[in-house]
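Residue strings, one per chain:
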Amino acid sequence: MKKIAFLIFLLIGLSVQVHAKDLYLEELTILNGEISPVFEKLNNEYTITLPKEEYTVEMEYKESEGCTVSVLDNFDLENNSKVTILLKNEKNTSEYHFHILKEEEEETQSAFSEETKELPTGFMYTYKQYIIPSLCFLLIAITYKCIFYKKKKHK
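Given the structure is predicted, the values throughout are model-derived calculations rather than measurements. (Residues numbered from 1 in each chain as written. Predicted model: local features only at pLDDT ≥ 70, side-chain atom pairs only at ≥ 80, totals over all residues. Heavy atoms only, no water.)

Asker: Before we move on, can you summarise the side chain of serine 64 with the specific residues and values?
Answerer: Looking at where serine 64 falls in the secondary structure, it is placed in the loop between β4 (59–63) and β5 (68–72). Setting aside anything within four residues of it in sequence, one finds serine 64 in contact with Asp22, Leu23, Tyr24 and Glu26. (Helix = DSSP H or I, 4+ residues; strand = E, 2+ residues; numbered from the N terminus. Contact = heavy atoms within 4.5 Å.)

Next comes the structure, spelled out in structure tokens:
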């Protein structure tokens, strides 16, 4: 019974993949940004880098025959936005996902920001890693001498 269920599942799964095979974009060009990796019709995940002043992706594409194309969420784009191209025919749908990265603004120093000045450090702060253990050892040695010191009697 398990073998028959697996065989039916396998046949149904393969048939779905075969039907969706004919839904793809033959060509895609991004006019106002850079796409990464280079467009291949069988890959459906991409990253597009846009200049900071662009808020939509301008693209030219050529779809396969018999399908309709819808571009979703291609407005008011910010960093980490997602644009989707949806391909449909009578039976199936396919999607291409584009993750948007905006070019970062260069950091400029504000008139209100203050440069941090290094303050001179004191002797104790600079050498505390040597002074504190030395003092502890000295105090332990003095305490030991006070507690366990025995006077020797001379004859």
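Asker: How would you explain a nonpolar patch on the surface if you had to name every residue and give the values?
Answerer: On the surface, Phe123, Tyr127 and Tyr130 cluster together into a nonpolar patch covering about 380 Å² of accessible area. Along the polypeptide, tyrosine 127 turns up in the loop between α2 (123–126) and α3 (128–148). (Patch = residues over 30% accessible without salt bridge, like charges linked within 9 Å, V, L, I, M, F, W, Y side chains within 5 Å. Areas by Shrake-Rupley, 256 points an atom, 1.4 Å probe, with all protein chains shown as cover. Salt bridge = Lys/Arg side-chain N within 4 Å of Asp/Glu carboxyl O.)

Asker: Go over the pattern of salt bridges with me, naming the residues and quoting the values.
Answerer: Opposite charge on two side chains makes pairing possible when the charged atoms of those side chains draw close. Under the counting rule described, the total for this entry stands at 1 salt bridge. Residues lysine 62 and glutamate 26 are paired through a salt bridge, measuring 3.9 Å at the closest nitrogen-oxygen approach. You can see lysine 62 sitting in strand β4 and its partner glutamate 26 sitting in strand β1 (residues 25–30), a full 36 residues away along the chain.

Asker: Could you give an account of unusual backbone geometry, naming the residues involved and the relevant values?
Answerer: The step from serine 36 to proline 37 runs through a cis peptide bond, and the omega angle for that step is -10°. Checked against the element boundaries, proline 37 lands in the loop between β2 (34–36) and β3 (45–50). With a phi angle near 50°, aspartate 76 is a residue other than glycine that sits in the positive phi range. Overall, aspartate 76 belongs to the exposed group, its relative accessible area being 55%. Its identity is not glycine, yet asparagine 80 carries a phi of approximately 70°, on the positive side. We classify asparagine 80 as exposed; its relative accessible area is 64%. (Buried < 20%, exposed > 50% of the residue type's maximum accessible area, 1.4 Å probe, protein only.)

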